[in-house]
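Working through the structure, step by step
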Amino acid sequence: TVGGLISGLIGALLAEKLNQYFKGREEPTMNTVLAGFTALGVLLVPLLQARVDLETILFGDLLAANNADLIRTSIATVALAILLLRSYQDLVFIGIDPDGAIAAKLPVKQIRFFAIVITALVVISAITAVGIVLVIALLCAPVLVHIEESNSLRSLMIRSAATGLLLCGGGMTIAMVADLPPGPLIGVLCLVLLVVKSAIPLRNTAN
């Protein structure tokens, strides 16, 4: 857990630094950092001669979840609640106008750092269920589905959280019924959700 948190922070801080250099090209930068750190993790397994089930780490294993995962999830939840209660307006300001937030002398770097820490905690706590690869889809898909129709950050968070819960619950239910691994199934549901969402405007336009 400690190693994952440290490496997650290093990766997130590196991505933040590279995003500032490659401004306007954040998505390929983030993808490259993600791929690089995942590859580094895979390389460390034989180098350190560690006994690790790579399939479980990459794609998750719900049966491996334990009390430690519940504690990590609880810590991430409490940390997120504290950040939202103390800095909600600042988060909105930074999201809409980061340059204006800096000019207004808001603690932009500190808020971004805490957001990075919380994101790292969320990723670590979700790895057991869906794996390090599929957790990215679970973090992004619910937001992408609702970002256009939400008129506030609060609305977006509530809708995205509800959709994420439905994806996890639905994926795990189907996995139990069909005797399939839940992690990859949840990842597939995330993709299906985006495809369905992208088809809705086209259907309305055709009508």
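In case you missed it, the structure is sitting above this.
Residues numbered from 1 in each chain as written. Predicted model: local features only at pLDDT ≥ 70, side-chain atom pairs only at ≥ 80, totals over all residues. Heavy atoms only, no water.

Attention now moves to the nonpolar core. Within the largest apolar cluster, 11 residues are counted, these being V123, A126, A129, V130, L134, V135, L138, A141, L167, I186 and C190. Of all the secondary-structure elements, those providing two or more residues to this core are α6 (108–146) and α8 (182–206). Among the elements that take part in this core, α6 stands out by supplying eight residues, more than any other. What A141 contacts, discounting residues up to four positions off in sequence, is C190 and L194. Core analysis: the second largest hydrophobic core is formed by five residues, A76, I116, V117 and L121 among them. (Core = buried A, V, L, I, M, F, W, Y, C linked by side-chain atoms within 4.5 Å. Buried < 20%, exposed > 50% of the residue type's maximum accessible area, 1.4 Å probe, protein only. Helix = DSSP H or I, 4+ residues; strand = E, 2+ residues; numbered from the N terminus. Contact = heavy atoms within 4.5 Å.)

Turning our attention to the environment of A199. Residue placement: A199 occurs in helix α8. We classify A199 as partly exposed; its relative accessible area is 26%. Taking the C-alpha atoms as reference points, A199 and L5, 194 residues apart in sequence, are found 38 Å from one another.

Trans is the prevailing form of peptide bonds, just as negative phi is the prevailing case for residues other than glycine. Phi at K105 takes a positive value of approximately 65°, unusual for a residue other than glycine. We note that D179 has phi near 60°; this positive angle belongs to a residue other than glycine. The topology assignment puts D179 in the loop between α7 (153–178) and α8. On the basis of relative accessible area, D179 is assigned to the exposed category, the value being 70%.

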